[in-house]
Amino acid sequence: MVLAADLGAAHATLALCDLSGRPLAEAVHEIRLADGPEPVLGWVEQRWREMLDASGVVAGRVLGLGVSVPGPVDVATGRVVHHTPVLPGWQDHPVRDLLERRFGVVCVVDNDANAMALGEHHTAWPGSSPLLFVKVATGIGAGVVVDGRLLRGADGAEGDIGHVRITSADDGPLCVCGARGCLAASASGRALARALREQGEDVPDSRSVVELASTGHAEATRLVREAGLVIGDVLATAVSLLNPRVLALGGDLALVHHFVGAVCERLYQRTQPQSARGLQVVASGLGDRAGVVGAARLALEEVLSAEAVDRALAGRRQPVP
């Protein structure tokens, strides 16, 4: 078995999966990543152990752990590489090492968009390459899968399109990163929620924006559509650069068909026919489950690798009592 956790700013999805990736148990909980890594990871461990007990699975049958977080990760060390507003106090915390000590098995930690891209590819598009996955929720991020493998950058910052500048540094909206004019400052769920609050609406987060737009609220719908057009502008460059076979849109805003339609509209306006001729633009088929499915896949790819099998044959590590 493998254990997986997709950690979001306010919600977490946890799963117990067999070696084919099939979930044997799955649960969604409310959390606060802002509480810090020690409380959150202790909570994850407790929920995982409860899941094992409820499923009648002994901990010794767990071969690996997969965890996704909404921030840039150095996969080689399993640590968040720099501070983000969603992950205060998580920078350089030994997430992987801590969980490996507690369970005595290998753990893989990665960015949430990468996990979602991997989950979407293996579940819905295993024969399509490249696949570009874009998550638009509280923030904006992307993952790319080429020939079944995640495309990784040099320093763990691949797919960070939320901080592409779309306006000049002097007159653009202020981003949580401290810069002005970032894509996320104008088109993320956080940005849309802020715009609606300024108009007197009770909209605390990106999911609330989706709920409002889904009721036909005119201003929420307009903002979601405008976000799709702006994001489509940026993705036109990505499509021209990568020439993907599939562009999958995930996260909260992808639940609104006005958003997906607007991305397609602007994308096809801004790209050459050769780049977009065979492109399929789709909303994620896994929806909210893409992250946890991808986190399980990260663990499976590690525990079933030739190197991991050799280590297992040489003798497994023992968990700390």
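Residues numbered from 1 in each chain as written. Predicted model: local features only at pLDDT ≥ 70, side-chain atom pairs only at ≥ 80, totals over all residues. Heavy atoms only, no water.

Let's shift gears to empty space enclosed by the protein. Scanning the model with the defined rule gives one cavity of 30 Å³ or more in all. Within this model, the largest cavity holds a volume of roughly 30 Å³. Taken together, Ala 15, Cys 17, Gly 21, Pro 23, Glu 26, Arg 289, Val 292 and Val 293 make up the full set of residues lining the largest cavity. The residue inventory of the lining of the largest cavity, partitioned by class, reads five nonpolar, one polar and two charged. (1 Å grid on protein atoms, 1.4 Å probe; cavity = no way out; pocket = protein on both sides within 12 Å on 5 of 7 lines; lining within 4 Å. Points joined across faces, edges and corners; volume = space filled by probe spheres on them. Nonpolar A, V, L, I, M, F, W, Y, C, P; charged D, E, K, R; others polar.)

Our next topic: the sheet that holds strand β4 (residues 64–69). Overall, mixed pairing links the five strands, which are arranged β3-β2-β1-β4-β7 in an open sheet. The sheet is open, and its two borders are formed by β3 (23–30) and β7 (106–111), each paired with just one other strand. On average, each strand axis in the sheet is tilted by 15° relative to the strand beside it, whichever way the strands run. Two strands pair when backbone bridges link them, and β4 and β7 are joined in this way by six bridges, in the parallel orientation. If you follow Gly 64 over to β7, its bridge partner there is Val 106. Of the strands in this sheet, β1 (2–7), β4 and β7 touch helix α3 (residues 112–124), which is tilted by about 105° from β7. (Pairing = 2+ DSSP bridges. Helix = DSSP H or I, 4+ residues; strand = E, 2+ residues; numbered from the N terminus. Axes fitted to C-alpha atoms, helices over the stretch in contact; angles between N-to-C directions. Contact = heavy atoms within 4.5 Å.)

Once that is clear, we can look at the state of the cysteines. Under the counting rule described, the total for this entry stands at zero disulfides. Cys 107 takes part in no disulfide bond, and the closest cysteine sulfur, belonging to Cys 17, lies 14 Å away. Among the residues examined, Cys 107 registers a relative accessible area of 3% and is labelled buried. (Disulfide = S-S within 2.5 Å. Buried < 20%, exposed > 50% of the residue type's maximum accessible area, 1.4 Å probe, protein only.)

In contact at an axis separation of 11 Å, helix α1 (residues 37–55) and helix α2 (residues 95–103) are set at 35° when each is read in the N-to-C sense. Crossing of α1 against α2: the hand is right-handed. Of the residues in α2, those in contact with Glu 38, Leu 41, Gly 42, Glu 45, Trp 48 and Arg 49 of α1 are Val 95, Leu 98, Leu 99, Arg 102 and Phe 103. (Left-handed = near helix turned anticlockwise from the far one by under 90°.)

Another aspect to go through is unusual backbone geometry. Residues Ser 129 and Pro 130 are joined by a peptide bond in cis, for which omega reads -5°. For Pro 130, the location among the structural elements is in the loop between α3 and β8 (131–136). Located in the positive-phi region is Asp 92, a residue other than glycine, with phi close to 65°. Mapped onto the fold, Asp 92 is located in the loop between β6 (79–80) and α2. Residue class for Asp 92 comes out partly exposed when judged on its relative accessible area of 48%. The backbone phi angle of Asp 147 is positive, close to 50°, even though this residue is not glycine. Along the chain, Asp 147 turns up in the loop between β9 (140–146) and β10 (149–150). Using a relative accessible area of 65% as the deciding quantity, one classes Asp 147 as exposed.

Before going further, it helps to spend a moment on the environment of Ala 15. In this structure, Ala 15 sits in strand β2 (residues 11–17). Sequence-distant contacts of Ala 15, defined by excluding residues within four places in its chain, comprise Val 2, Leu 3, Ala 4, Ala 25, Glu 26, Trp 48, Met 51 and Val 292.

Bringing the packing of aromatic side chains into the picture now. Taken as a whole, this structure holds one aromatic pair when the rule is applied. Ring centres 5.6 Å apart and planes at 80° place the aromatic pair Trp 48 and Phe 103 in the edge-to-face group. Of this pair, Trp 48 sits in helix α1 while Phe 103 sits in helix α2; the two residues are 55 residues apart in sequence, bridging distant segments of the chain. Across the pair, exposure class does not vary: Trp 48 and Phe 103 are buried alike. (Phe/Tyr/Trp six-rings, centres within 6.5 Å; stacked < 30°, edge-to-face > 60°.)

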